[in-house]
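# Coordinate analysis (summary)
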Amino acid sequence: MTAHTASVAGIRGEAAAEPTSATPKWAGLAWALLILNTLGSTGAKTVIPLPRSVSQLVTMGALMTAFVIALVLNKHLRIRPSAYLLLLTLLLMSSILSSADLKEGAGALFRCFRLTIFVTTLWLLTRWWDGGFAFVRYHIRTYAVVLASVAIGLVISPGNAMPDIYGGRLSGAIWPLTPPQIGQYAAVIAGLTLLLWFGRRTTWRSAVFIVVPVVGLLMLTHTRTATLGLVAGLSVAFLSMLLTSARARKVFAWTVGVGGVAGLVLAGALQTWFLRGQSADNFSSLTGRAKVWDALLEAPRTTAEYIFGVGLTDKSYDGLPIDNSWLAVYHEQGFVGIALVAAFLLTLIVVALLRPPSLARACAIFLITYCVSASYTEAGLGDASPYLLHLAVAASLLVRGVPQSDEQAFIPAKGASA
């Protein structure tokens, strides 16, 4: 894993047409702290017992530190217009309104405060959103460190890393991380790294050192949502380049061919991995999610709760996780929240479709597709979460930078990694 972590430095190299970025290194630290804040504080038993109050203090401290760093870096408050963040700010205002009556207790207002700092920090960092790959690299490097800690925990304490409570699925033994979290992080950085390799922004050695270990971790988590999200995201990203890139057509054809053969040969093993030993009833109910969804939808609500929701919660209903972004938003922020989330996703999709083919657009499309596909069985689009950070990276990539043709997008500069 040392080689894996060190290889993250290989995610470098700028194409001639890529916007010249003056992003300060401290902005990367702020981004890493935002990611730390969204790791959460629940999961499997860790090697060193970590009280939840301590982990919550660390994550909240990380958020406040990120805000201070961003404010110091951008003391003149120069921000770049962003439709995504504007709609997210409107969602924040709606959340504050729905949480003000304290139906969900004081915790709702605390979550609104956290979301306020989170969104404000993103606004401050927009000064360096220039269509370049700086924040993509910050994303990959930070999550690579997180996954390296997961791998270390697996080595030093296999029992804690693959506990019976999660059915033997990989979880965090250093920091309390659940299997779906690990699967999500692995899928996202694997997809982004493969796209950077495709666009010649990193070497194949660096890509192998990152992708192979993290895909291995993804398989150990048995996370279907992340796996399907990775496949869907990469498929749509490559499809967006087929008409303009011969390299994309070649890679896509090889992937379909090899993947089809592998699927036929390994069909039995893939089915076993996919089912995770679940019964037909448990699988059809999406591991019990459908029962929670039905109960939430059937619960009586006032007109105000239909429109604005009940306020920010811990993404659970009657003590059980909702595990669906749309239903979580419906519960917490009502139909207004659903409209705003749909609006910022649709905005990102439309902007991506209107941009000329490029590696930046492909990475953005991958992230958007992943978040949309994962929203069915994961919550997070309505509150501070990794999903909002994925979409923020996509928004940073879709900013208009130096005009570039598709051919320029995939030709490395002299001296750049190939």
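Our subject is the structure listed above.
Note that the structure is predicted; figures quoted are calculated from it, not measured. (Residues numbered from 1 in each chain as written. Predicted model: local features only at pLDDT ≥ 70, side-chain atom pairs only at ≥ 80, totals over all residues. Heavy atoms only, no water.)

Once that is clear, we can look at the overall build of the protein. Scanning the protein from N- to C-terminus turns up 19 helices and two strands. Classification of the 418 residues of the protein by burial places 52% in the buried group. Contacts in the protein between residues far apart in sequence, at least 24 positions, make up 78% of those at least 6 positions apart. Summing over all exposed atoms, the protein offers an accessible surface of approximately 18200 Å²; the carbon and sulfur share of this is 70%. (Helix = DSSP H or I, 4+ residues; strand = E, 2+ residues; numbered from the N terminus. Buried < 20%, exposed > 50% of the residue type's maximum accessible area, 1.4 Å probe, protein only. Contact = heavy atoms within 4.5 Å. Areas by Shrake-Rupley, 256 points an atom, 1.4 Å probe, with all protein chains shown as cover.)

In this section: helix α2 (residues 25-37). In this model, α2 (13 residues) spans 19 Å end to end at C-alpha, consistent with the 18 Å of a helix rising 1.5 Å per residue. For α2, the complete set of buried residues consists of Ala27, Gly28, Ala30, Trp31, Ala32, Leu33, Leu34, Ile35 and Asn37. The inward-facing, buried residues of α2 contact α3 (52-73), α5 (106-125), α6 (134-156) and α18 (386-397). (Expected span 1.5 Å × (residues − 1).)

Counting across every chain of the model gives three salt bridges. Residues Arg289 and Asp323 are paired through a salt bridge, measuring 3.5 Å at the closest nitrogen-oxygen approach. Taken as a pair, Arg289 in helix α14 (residues 289-298) and Asp323 in the loop between β2 (320-321) and α16 (325-354) lie far apart in primary sequence, 34 residues in all. Residue class for Arg289 comes out buried when judged on its relative accessible area of 15%. Asp323 sits in the partly exposed class, given a relative accessible area of 21%. (Salt bridge = Lys/Arg side-chain N within 4 Å of Asp/Glu carboxyl O.)

As a further point, take the environment of Ala392. Structurally, Ala392 can be placed in helix α18. What makes Ala392 buried here is its relative accessible area of 1%. A sequence separation of 44 residues divides Ala392 from Leu348, and the C-alpha atoms of the two residues are 9.8 Å apart. If near-sequence neighbours (up to four positions away) are discounted, Ala392 is found in contact with Trp31, Tyr84, Leu122 and Trp129.

Turning our attention to the nonpolar core. Membership of the largest hydrophobic core comes to 105 residues, with the highest contact counts inside it found for Trp31, Tyr84, Phe118, Leu125 and Phe344. Among the elements that make up this core, the one with the highest residue count is helix α17 (residues 359-374) (12 residues). Phe344 has contacts with Tyr84, Leu87, Leu88, Leu91, Leu381, Leu388 and Leu391, leaving out every residue within four places of it along the chain. Core analysis: the second largest hydrophobic core is formed by six residues, Leu296, Ile322, Ala328 and Tyr330 among them. (Core = buried A, V, L, I, M, F, W, Y, C linked by side-chain atoms within 4.5 Å.)

Glancing now at helix α10 (residues 224-239). The end-to-end C-alpha distance of α10 is 22 Å, a good match for the 22 Å that 16 residues give at a rise of 1.5 Å each. Those residues of α10 not exposed but buried are Arg224, Thr225, Ala226, Thr227, Gly229, Leu230, Gly233, Leu234, Ala237 and Phe238.

This brings us to the packing of aromatic side chains. This model, assessed by the stated rule, comprises eight aromatic pairs. Ring centres of Tyr306 and Phe335 lie 6.3 Å apart, and the angle between their planes is 5 degrees; on these two criteria the pair is classed as stacked. Placement of Tyr306 in helix α15 (residues 303-308) and of Phe335 in helix α16 is noted, with a sequence separation of 29 residues between them. You can call Tyr306 partly exposed: its relative accessible area is 33%. With a relative accessible area of 46%, Phe335 lands in the partly exposed category. Both rings, one in Tyr330 and one in Phe335, keep their centres 5.5 Å apart while their planes meet at 55 degrees; by these two values the pair is tilted. Members of the aromatic cluster, each reached through a chain of ring pairs, are Trp31, Phe135 and Tyr138. Over the aromatic face of Tyr330 sits the side chain of Arg301, whose NZ or CZ is 4.5 Å from the ring centroid. (Phe/Tyr/Trp six-rings, centres within 6.5 Å; stacked < 30°, edge-to-face > 60°. Lys NZ or Arg CZ within 6 Å of the ring centre and 35° of its normal.)

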